[in-house]
Amino acid sequence: MARVISIGEVMVELARGADGRFSQSVGGDTFNTAVYLARAGVETAYATALGDDLYSDAIRASAQGEGLDTRLMARVPGRTAGLYLIDTDPQGERSFTYWRDTAPARELFEMPGWEVVCEALIEANLIYLSGITLSLYSNAGLGRLLATLEFARERGTRIVFDGNFRPRNWRGDVARARAVYAEALKRTSIALPTFEDEARLWGDGSPTATAERLATFGVQEIVVKNGAEGALVVSGGTAQLVPIPQPVEPVDTTAAGDSFNAAYLAARLAGELPAVAAEAGHGLAGRVIRHRGALLPRHANA
């Protein structure tokens, strides 16, 4: 199986351009990270469920074109992929509108053949997921996923988790979100949260407070992303603030964190130290936010 398996949902993306028109692409937080990992030369698979419509076909073709292993992208007859629309304000901050409540990705760990996905996860070197991933599944699906993560970690697989908290995905049930996150964090090797999200969910007063809280779950490597303030890297008992190399005027902040995570993990898998990996993360994220949409045009990724 692939060296890295990323889990979640990939959807049709419609992004409004400066002229008011929409361009069509594909995206989703863990999918974006998977693509940027693959572009960095990391053998990566994506685990999700799609429909059998033309747009699901296009999503799968896009994943294959990016070099992702698509064997864990299940297909569900008679269903359609999710859709989201991005609007961006003059400062480059984005807002999303979703049509995804009946997307088959939500049933990945309950549909026939879910055991195949779990078996593949156990064989991976690294599993990547997010809070958005967790928000997709029912309690039954979450139980199967969390049990798989536990078994995989016991076998030496590293679990990487980005909190990526979106209140709407949890329908306002903060208590459930915290409980599910806590179970994921108990199994996490590397945490790559964004401070703003952590403050919203947990009430953290600073990136240091976030790192200290995550450490109580036993997480050994923590990178708290904090936008223009840089990233706080905590590993091996030391903490270091890694600043961004230079200010960037964003065009669209979509996938800033997703791309940071990919570059960070690619660097760590290549043997770089955490602080050096964070610098790589800043570099890719800085390029991504100069373009519209989640994924850079391939020629702009260099």
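Just above, that's the structure.
Note that the structure is a prediction, hence the values are computed from the model and not measured. In this convention, every chain numbers its residues from 1, walking through the sequence in written order. Per-residue local features of the predicted model are confined to residues with pLDDT of at least 70, and side-chain atom pairs are confined, for both listing and counting, to 80 or more; whole-chain, interface and lining totals are unaffected and use all residues. Remark: hydrogens and water are excluded; side-chain values derive from all non-hydrogen atoms of the structure.

Draft legend 1. Region of the structure containing the overall build of the protein. For the purposes of this entry, the term helix denotes a DSSP run of H or I that reaches at least four residues, the term strand denotes a run of E that reaches at least two, and both are numbered from the N terminus. Scanning the protein from N- to C-terminus turns up 10 helices and 13 strands. In terms of principal-axis extent, the alpha carbons of the protein reach across some 50 × 50 × 40 Å. Every residue pair with non-hydrogen atoms within 4.5 Å of one another is taken to be in contact. Partitioning the contacts of the protein with sequence separation of at least 6, the portion at a separation of at least 24 is 70%. By element, 51% of the accessible surface of the protein is carried by carbon and sulfur atoms, the whole surface being about 12,700 Å². Side-chain charges of the protein comprise 30 positive and 36 negative groups, with the mean position of each set lying 1 Å from the other. The method behind every accessible area is Shrake-Rupley, applied with a 1.4 Å probe, and residues are considered shielded solely by the protein chains displayed. The charged-residue count follows a simple rule in which Lys and Arg add positive charge and Asp and Glu add negative charge, with His and chain termini not counted at all. Throughout, a charge is located at the NZ atom of Lys, the CZ atom of Arg, the CG atom of Asp or the CD atom of Glu.

Draft legend 2. Focus on the nonpolar core. Core analysis: the largest hydrophobic core is formed by 49 residues, its most contacted members being Val 10, Phe 31, Ile 59, Leu 68, Tyr 264 and Leu 265. Among the elements that make up this core, the one with the highest residue count is helix H9 (residues 256–269) (eight residues). Ignoring sequence-local partners within four residues, the contact set of Tyr 264 consists of Ile 190, Leu 192, Glu 221, Val 223, Pro 274, Ala 277, Ala 278 and Gly 281. Grouped together as the second largest cluster of nonpolar side chains are 45 residues, Ile 7, Met 111, Tyr 137 and Val 180 included. Put simply, a nonpolar core is a bunch of buried Ala, Val, Leu, Ile, Met, Phe, Trp, Tyr and Cys residues held in one set by side-chain atoms that sit within 4.5 Å of each other. The rule is simple: take the accessible area with a 1.4 Å probe, protein chains only, and divide by the maximum for that residue type; under 20% is buried, over 50% is exposed, in between is partly exposed.

Draft legend 3. Structural context of the sheet that holds strand S2 (residues 11–16). Pairing between strands is defined by DSSP: at least two bridges between them are needed. Here four strands make up an open sheet; going across it, the order is S3-S2-S6-S7 and the pairing mixed. Taken across any chain shown, the strands that pair with only one partner, and hence form the sheet edges, are strand S3 (22–27) and strand S7 (94–99). For this sheet, the mean inter-axis angle between neighbouring strands, taken without regard to orientation, is 25°. Pairing of S2 with strand S6 (residues 83–88), which is carried by four bridges, proceeds in the parallel orientation. Note that in S6 the partner of Val 12 across the bridge is Leu 83. Angles run from 0 to 180 degrees between N-to-C directions of axes, and those axes are lines fitted to C-alpha atoms, restricted for helices to the stretch in contact.

Draft legend 4. Molecular detail of empty space enclosed by the protein. Only protein atoms enter the 1 Å grid used here. Points where a 1.4 Å probe fits but cannot escape make up a cavity, open sets with protein on both sides within 12 Å along at least five of seven lines make up a pocket, and a residue lines them when an atom lies within 4 Å of a point. Grid points are joined across faces, edges and corners, and a volume is the space filled by probe spheres set on the points. By the definition in use, this model includes one cavity of 30 Å³ or more. A volume near 40 Å³ is recorded for the largest cavity. Taken together, Phe 161, Gly 163, Tyr 181, Leu 185, Ala 191, Leu 192, Pro 193, Glu 198 and Leu 214 form the lining of the largest cavity. Any residue that is not Ala, Val, Leu, Ile, Met, Phe, Trp, Tyr, Cys, Pro, Asp, Glu, Lys or Arg is counted as polar, Gly included; the first ten are nonpolar and the last four charged. The residue inventory of the lining of the largest cavity, partitioned by class, reads seven nonpolar, one polar and one charged.

Draft legend 5. Structural context of the side chain of Thr 157. Turning to its location among the elements, Thr 157 is positioned in the loop between helix H5 (139–154) and strand S9 (158–162). A relative accessible area of 4% places Thr 157 in the buried class. Under the rule applied, a polar contact is a pair of N or O atoms within 3.5 Å (in protein, one hydrogen donor and one hydrogen acceptor; residues adjacent in sequence only if both atoms are side-chain atoms). A distance of 2.8 Å separates a polar atom in the side chain of Thr 157 from the backbone oxygen of Ala 124. Setting aside residues up to four positions removed in sequence, Thr 157 forms contacts with Leu 121, Ile 122, Ala 124, Asn 125, Leu 126, Ile 127, Ala 152 and Ser 189.

Draft legend 6. A look at helix H3 (residues 114–123). When we look at burial in H3, the residues that qualify are Val 117, Cys 118, Ala 120, Leu 121 and Ile 122. Buried residues belonging to H3 abut strand S1 (4–7), strand S4 (44–50), strand S8 (126–130) and H5.

Draft legend 7. Up close: unusual backbone geometry. At Asn 164, a residue that is not glycine, the phi angle is positive and equals roughly 40°. As for its placement among the helices and strands, Asn 164 is situated in the loop between S9 and helix H6 (174–185). Overall, the relative accessible area of 7% leaves Asn 164 in the buried class. A positive phi angle is found at Arg 171, which is not glycine, with a value near 50°. For Arg 171, the position within the fold is in the loop between S9 and H6. The class of Arg 171 is exposed, set by a relative accessible area of 63%.

Draft legend 8. Highlighting the packing of helix H7 (residues 195–202) against helix H8 (residues 207–215). At their nearest, the axes of H7 and H8 sit 10 Å apart, and the two run at 70° to each other. Taken together, the axis directions place H7 and H8 in an arrangement best described as roughly perpendicular. Viewed along their axes, H7 and H8 form a crossing whose handedness is left-handed. Between H7 and H8, the contacting residues are Phe 195, Glu 198 and Trp 202 on the first element and Pro 207, Thr 210, Arg 213 and Leu 214 on the second. Split by residue class, the contact of H7 with H8 holds four nonpolar, one polar and two charged. Angle categories: roughly parallel below 35 degrees, roughly antiparallel above 145, roughly perpendicular from 65 to 115, and oblique for all the rest. For any helix crossing, the convention is left-handed if the near helix is rotated counterclockwise from the far helix by under a right angle, and right-handed if that rotation is clockwise.

Draft legend 9. Representation of the sheet that holds S9. If you trace the nine strands from one edge of the open sheet to the other, you get S5-S4-S1-S8-S9-S10-S11-S12-S13, paired in mixed fashion. Of all strands in the sheet, those with a lone pairing partner are strand S5 (73–75) and strand S13 (238–242), marking the two edges. Bridging between strand S10 (residues 190–191) and strand S11 (residues 221–225) involves two bridges; their strand directions are parallel. Each residue of the ladder has a partner; that of Ile 190, found in S11, is Glu 221. With respect to the sheet, H9 is in contact with S1, S8, S9, S10, S11 and strand S12 (231–235), its orientation differing from that of S11 by roughly 150°.

Interpretation note: all reported values are geometric properties and have no functional meaning in isolation.
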